[in-house]
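Residues per chain, in single letters:
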Amino acid sequence: MEQNMDWGSLGFGYRKTNERYVSNFKNGAWDAGVMTTEDTVTISECAGVLQYCQACFEGLKAYRTEDGRVVTFRPDLNAKRMADSAKRLEMPVFPEDRFIDAVEKVVHANKDFVPPYASGASLYIRPYMFGSSPVIGVKPAEEYQFRMFSTPVGPYFKGGAKPITIRVSDYDRAAPNGTGHIKAGLNYAMSLHAIVEAHELGFDENMYLDAATRTKVEETGGANFLFVTADNKVVTPKSNSILPSITRRSLMYVAKEYLGLEVEEREVYFDEVKDFVECGLCGTAAVISPVGIINDHGKEIVMQNGNKEMGPITKKLYETLTGIQKGKIEAPEGWIREIK
Ligand SMILES: *Cc1c(COP(=O)(O)O)cnc(C)c1O
């Protein structure tokens, strides 16, 4: 393991590691792919990604278990989701089995950067793909590059999970038949103004409503919502313009199968948010980040059971899923892949 690393105080930032994976798509086929120490990319000044933003990405983590093994969590679902993103952006699909193979190669090559169990830190893996050949008339590129690097990231919650305050955004994240359901940088580029503004006003995140009617809860810029009702039901918004979070899907399974809770994936009207007692944001970065206050244009909705600390159901969900991810609790078949 890297000797001089202060794992516990790492933030969520980029730190160069040893090797990354690269494969190029040319003349209608992916090449064999290689591991490389080269951490820069050289492409045409007119590359499709630079002109028309033809790019998509994924994000997942490798964890060290208490007994020192290195594991990844459901990389098959990242592979599948990236294939869906690529199709929607008229990009070639990087084969799902090769995606998983690349995850194994990247984690294996950078094992020294997988933080120790006790640090709470992990190795973040970033697969991505972009149009690399010149495009000036609007159309898909002919050549693409798929890359996957890794970077160690610190524990998301330093000194306990403090509930955050979010605001209802007046900006929209995704159109009804647009690209909200795929993991593409373009969805993030247009959200930067809204998040910078939210931060300036003292809010941690934006709650986006559905663009068509502005009555239903969608998600934040980079995490799905989970709510808990007063009678302990776990509810998550259903919409075809939110990104299908792997963490959220896993938490819903855990709620039902491990904790015996009732779960519902359905449309959630903003009007009913005031009746929920807990709220959390789910994603790979934090697993669940508790929301304490939702500010709707000056009117505050305070989560009854979760405004001072993580609410009891959120906490159970968090502990069970992180226990599964770190090998402390038995995982459902196929969720954990050990990297040798
Ligand atoms: C990546 C992402 C999420 C979280 O997905 P996970 O698979 O749980 O990491 C949620 N919303 C958006 C918009 C995302 O890009």
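The model shown is predicted, which means the values in this text are computed figures rather than measured ones.

1. A few points about the pairing of strand E16 (residues 299–302)
Part 1 of the argument: Sheet analysis places strand E15 (residues 287–296) next to E16, joined by four bridges and oriented antiparallel. In the strand pairing of E16, Asn 295 is matched with Glu 300.

2. Overview of the domain arrangement of the protein
Part 1 of the argument: When the domains of the protein are assigned, the result is domain 1 (7–153) and domain 2 (164–325).
Part 2 of the argument: For domain 1 versus domain 2, the separation of C-alpha centres amounts to 26 Å.
Part 3 of the argument: Summing the contributions of domain 1 and of domain 2, the shared interface buries around 1700 Å²; its carbon and sulfur component is 65%.
Part 4 of the argument: On the domain 1 side of the contact with domain 2, Phe 57, Phe 73 and Arg 81 bury the most area, a combined 37% of that side's loss.
Part 5 of the argument: Along the contact surface separating domain 1 from domain 2 lie zero salt bridges.
Part 6 of the argument: Taken together, the connections running from domain 1 to domain 2 amount to seven residue pairs in polar contact (both at pLDDT 80 or more).
Part 7 of the argument: If you tally residues by element for the side of domain 1 that touches domain 2, the top one is helix H2 (residues 75–88), at six residues.
Part 8 of the argument: Broken down by class, the residue content of the side of domain 1 that touches domain 2 amounts to 11 nonpolar, three polar and six charged.

3. Comments concerning the pattern of salt bridges
Part 1 of the argument: For the coordinates displayed, the defined rule picks out 19 salt bridges.
Part 2 of the argument: For Arg 214, the salt bridge is made with Asp 172, and the minimal N-O distance between the two is 2.7 Å. Linking Arg 214 in the loop between strand E10 (205–207) and strand E11 (224–228) with Asp 172 in the loop between strand E9 (164–168) and helix H4 (185–189), this pair joins segments that are 42 residues apart in sequence.
Part 3 of the argument: Since its relative accessible area comes to 31%, Arg 214 is described here as partly exposed.
Part 4 of the argument: Ionic pairing is found between Glu 264 and Lys 233, a salt bridge with its closest N-O pair at 3.5 Å. Of this pair, Glu 264 sits in strand E13 (residues 263–266) while Lys 233 sits in the loop between E11 and strand E12 (234–237), placing them 31 residues apart in sequence.
Part 5 of the argument: Looking at Glu 264, the relative accessible area reads 25%, which means it is partly exposed.
Part 6 of the argument: If you follow the salt bridges from partner to partner, you end up with Lys 233, Glu 262, Glu 264, Arg 266 and Glu 272 in one network.

4. Section: the site of the ligand
Part 1 of the argument: Around the ligand, 15 residues are found, and the nearest of them are Lys 183, Tyr 188, Ser 245, Thr 247 and Thr 284.
Part 2 of the argument: Lys 183 places a side-chain nitrogen or oxygen 2.7 Å from an oxygen atom of the ligand.
Part 3 of the argument: Contact distances for the ligand include 2.6 Å between a nitrogen atom and a side-chain N or O atom of Glu 219.
Part 4 of the argument: Within the complex, 96% of the 380 Å² of free accessible area of the ligand lies under protein.

5. What about the nonpolar core?
Part 1 of the argument: Grouped together as the largest cluster of nonpolar side chains are 36 residues, with contacts concentrated most on Phe 99, Val 107, Met 129, Phe 146 and Met 148.
Part 2 of the argument: Of all the elements in the fold, those that place two or more residues in this core are strand E1 (20–26), strand E5 (60–64), H2, helix H3 (96–109), strand E7 (122–131) and strand E8 (144–153).
Part 3 of the argument: The contacts of Met 129, once residues within four sequence positions are left out, are Trp 30, Gln 54, Ala 55, Cys 56, Met 82, Ala 86, Met 91, Pro 92, Gln 145 and Phe 146.
Part 4 of the argument: Grouped together as the second largest cluster of nonpolar side chains are 22 residues, Phe 73, Ala 255, Val 277 and Leu 317 included.

6. Some details on unusual backbone geometry
Part 1 of the argument: Phi at Asn 232 is positive, roughly 65°, even though this residue is not glycine.
Part 2 of the argument: Residue classification places Asn 232 among the partly exposed residues on the basis of a relative accessible area of 37%.
Part 3 of the argument: Located in the positive-phi region is His 297, a residue other than glycine, with phi close to 50°.
Part 4 of the argument: Within the secondary structure, His 297 sits in the loop between E15 and E16.

7. Comments concerning the environment of Ala 102
Part 1 of the argument: By the secondary structure assignment, Ala 102 is in helix H3.
Part 2 of the argument: Distance in space between the C-alpha atoms of Ala 102 and Ser 23 is 9.7 Å, their sequence separation being 79 residues.
Part 3 of the argument: Those residues in contact with Ala 102 that sit more than four places away from it in its chain are Tyr 21, Phe 146 and Met 148.

The rules behind the values
- Residues numbered from 1 in each chain as written.
- Predicted model: local features only at pLDDT ≥ 70, side-chain atom pairs only at ≥ 80, totals over all residues.
- Heavy atoms only, no water.
- Pairing = 2+ DSSP bridges.
- Helix = DSSP H or I, 4+ residues; strand = E, 2+ residues; numbered from the N terminus.
- Domains from an automatic or database assignment.
- Buried area = accessible area lost by both parts, 1.4 Å probe.
- Salt bridge = Lys/Arg side-chain N within 4 Å of Asp/Glu carboxyl O.
- Polar contact = N/O pair within 3.5 Å; in protein donor to acceptor, adjacent residues only side chain to side chain.
- Nonpolar A, V, L, I, M, F, W, Y, C, P; charged D, E, K, R; others polar.
- Buried < 20%, exposed > 50% of the residue type's maximum accessible area, 1.4 Å probe, protein only.
- Near = heavy atom within 4 Å.
- Areas by Shrake-Rupley, 256 points an atom, 1.4 Å probe, with all protein chains shown as cover.
- Core = buried A, V, L, I, M, F, W, Y, C linked by side-chain atoms within 4.5 Å.
- Contact = heavy atoms within 4.5 Å.

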